[in-house]
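Reading the structure
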Amino acid sequence: MRVLVTGGAGFIGSHFVKYALQVHPDWHVTNLDKLSYAGNLDNLTDLADPARHQFVKGDIADHELVTRLWSHGVDIVVNFAAETHVDRSILWADDFIKTDVLGAFTLLEAARQFGVNKFIQVSTDEVYGSIASGSFTEESPLNPRNPYSASKAGADRLAYAYFTTHNVPVTITRCSNNFGPNQYPEKFIPLFITNAIEGKPLPLYGDGRNIRDWIYAEDHCAAIDFLITHGKTGETYNIAGGNEVENIEIARAIVRKLGKPESLIQLVKDRPGHDRRYSLDAGKLAALGWRPNRDFPAALDATIDWYVQNESWWRKIKSGEFKKYYAAQYGSRL
Ligand code: NAD
Ligand code: DAU
């Protein structure tokens with residue numbers, strides 16, 4: 001099976017590449033990744049069978065390159081490649097439109113022209129926007145409220161349009177917040193873990209009571225793999241961890257586990273347009289027979305341990321481009 005994974009040097013994409021090589025001995029994975037600030041070859045050092053993995057540095061919006069890759073044949077596409085950090089989309093939105101929308105368009109066009117058996121568009125629960133009570137189903141209206149989620153909603157609906165209009169065999173996944181090893185330390189959980197290790201303040205937005213539903217990245221990858229086989233073409237599936245937690249609780253759990261004082265947690269000026277709560281109804285996926293299996297407190301503990309044991313991985317990142325972003329994002333807040 002010839003599988004094109006895009007964004008496979010990022011957080012979830014690299015977990016997917018590792019997972020796929022391990023569970024599918026017949027898969028040959030081409031990993032197309034631009035190596036943006038978030039792409040990192042250090043995420044791909046422990047592959048089960050490196051001979052079945054080919055890394056290609058390049059942009060999913062590069063029509064010529066994508067066409068060239070397709071000339072060898074592609075059976076399955078899993079499109080993870082995206083600009084993914086909400087705070088960056090508030091500061092600098094243009095790359096979000098280029099990659100998340102135009103990049104997805106380029107891949108869908110190639111799939112239309114040259115064919116594919118399965119096209120997984122990795123979307124996100126953020127496309128639904130915020131919900132005060134209850135949970136979003138796949139039929140809920142989309143209401144993205146920041147440039148990141150709006151760009152993802154554009155790709156999500158474009159993928160659907162390529163199914164309805166051109167019969168491209170698309171399946172769309174909308175997953176809740178991921179955490180685990182190798183997550184770029186701009187995101188909430190790894191930022192708070194690494195700042196706490198460094199004895200730096202943990203900048204908690206607003207009143208700290210926003211709610212996210214957390215899923216371990218490996219569970220997300222297992223769900224996508226399951227949907228490649230069991231998901232219906234033209235359908236959308238929510239993927240949820242079932243762990244809705246207020247941010248402040250997670251911040252407290254991190255400092256407690258690391259033996260740091262709670263005074264490190266500082267309430268700072270809120271994110272503009274900050275979604276209050278995400279919540280998914282994942283009944284459609286459960287009805288097919290898939291559920292996540294990682295317990296949240298245990299997985300959070302394991303994640304904290306990973307960052308403690310892999311300081312060189314995140315210190316390299318934090319001493320690079322990250323510094324410029326951190327100053328722009330938190331300079332006036334902390
Ligand atoms: P990430 O930012 O860690 O990784 C993104 C990867 O995409 C990087 O390796 C980067 O180099 C690559 N990339 C960026 N622009 C590219 C381009 N133009 N061409 C090729 N490669 C490019 O992101 P992540 O958190 O691993 O998210 C992966 C996917 O999952 C995204 O589509 C995201 O929207 C979706 N998602 C993420 C979460 C989450 O909680 N992190 C939840 C649901 C869905
Ligand atoms: O829900 C899925 C989405 O989850 C993905 O599609 C996105 O790619 C991913 O980045 C994530 O978006 P969030 O905005 O929910 O994640 P983030 O880690 O940025 O923030 C999680 C929560 O923590 C959110 O309520 C904002 C808060 N936060 C975040 C940061 C970075 C803080 O309080 N302080 C911070 O410094």
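The coordinates are above.
As the structure is a computational prediction, the values presented were derived from the model and not from experiment. (Residues numbered from 1 in each chain as written. Chains lettered and ligands numbered in written order. Predicted model: local features only at pLDDT ≥ 70, side-chain atom pairs only at ≥ 80, totals over all residues. Heavy atoms only, no water.)

A short note on the site of ligand 1
- Near ligand 1 there are 28 residues, and of these Ile 12, Asp 33, Thr 84, Tyr 148 and Lys 152 occur at the shortest range.
- A distance of 3.0 Å separates an oxygen atom of ligand 1 from a polar backbone atom of Ser 36.
- One of the backbone N or O atoms of Asn 178 is found 2.8 Å from an oxygen atom in ligand 1.
- Burial of ligand 1 by the protein amounts to 97% of the accessible area it has alone, namely 830 Å².
- For the shell around ligand 1, the residue count by class is 12 nonpolar, 12 polar and four charged. (Near = heavy atom within 4 Å. Polar contact = N/O pair within 3.5 Å; in protein donor to acceptor, adjacent residues only side chain to side chain. Areas by Shrake-Rupley, 256 points an atom, 1.4 Å probe, with all protein chains shown as cover. Nonpolar A, V, L, I, M, F, W, Y, C, P; charged D, E, K, R; others polar.)

Focus on the side chain of Glu 126
- Locating Glu 126 in the fold gives a position in the loop between strand S5 (118–124) and helix H5 (147–166).
- Buried charge without a salt bridge: Glu 126, with Arg 271 as the nearest opposite-charge side chain at an N-O distance of 5.5 Å.
- Apart from the residues lying within four places of it in its own chain, the contact partners of Glu 126 are Val 86, Pro 144, Asn 146, Tyr 148, Ser 149, Asp 275 and Tyr 278. (Helix = DSSP H or I, 4+ residues; strand = E, 2+ residues; numbered from the N terminus. Buried < 20%, exposed > 50% of the residue type's maximum accessible area, 1.4 Å probe, protein only. Lys, Arg positive; Asp, Glu negative; His and termini not counted. Salt bridge = Lys/Arg side-chain N within 4 Å of Asp/Glu carboxyl O. Contact = heavy atoms within 4.5 Å.)

Some words on the side chain of Ser 123
- Here Ser 123 shows up in strand S5.
- Separated by 2.8 Å, the side chains of Ser 123 and Asp 156 make a polar contact.

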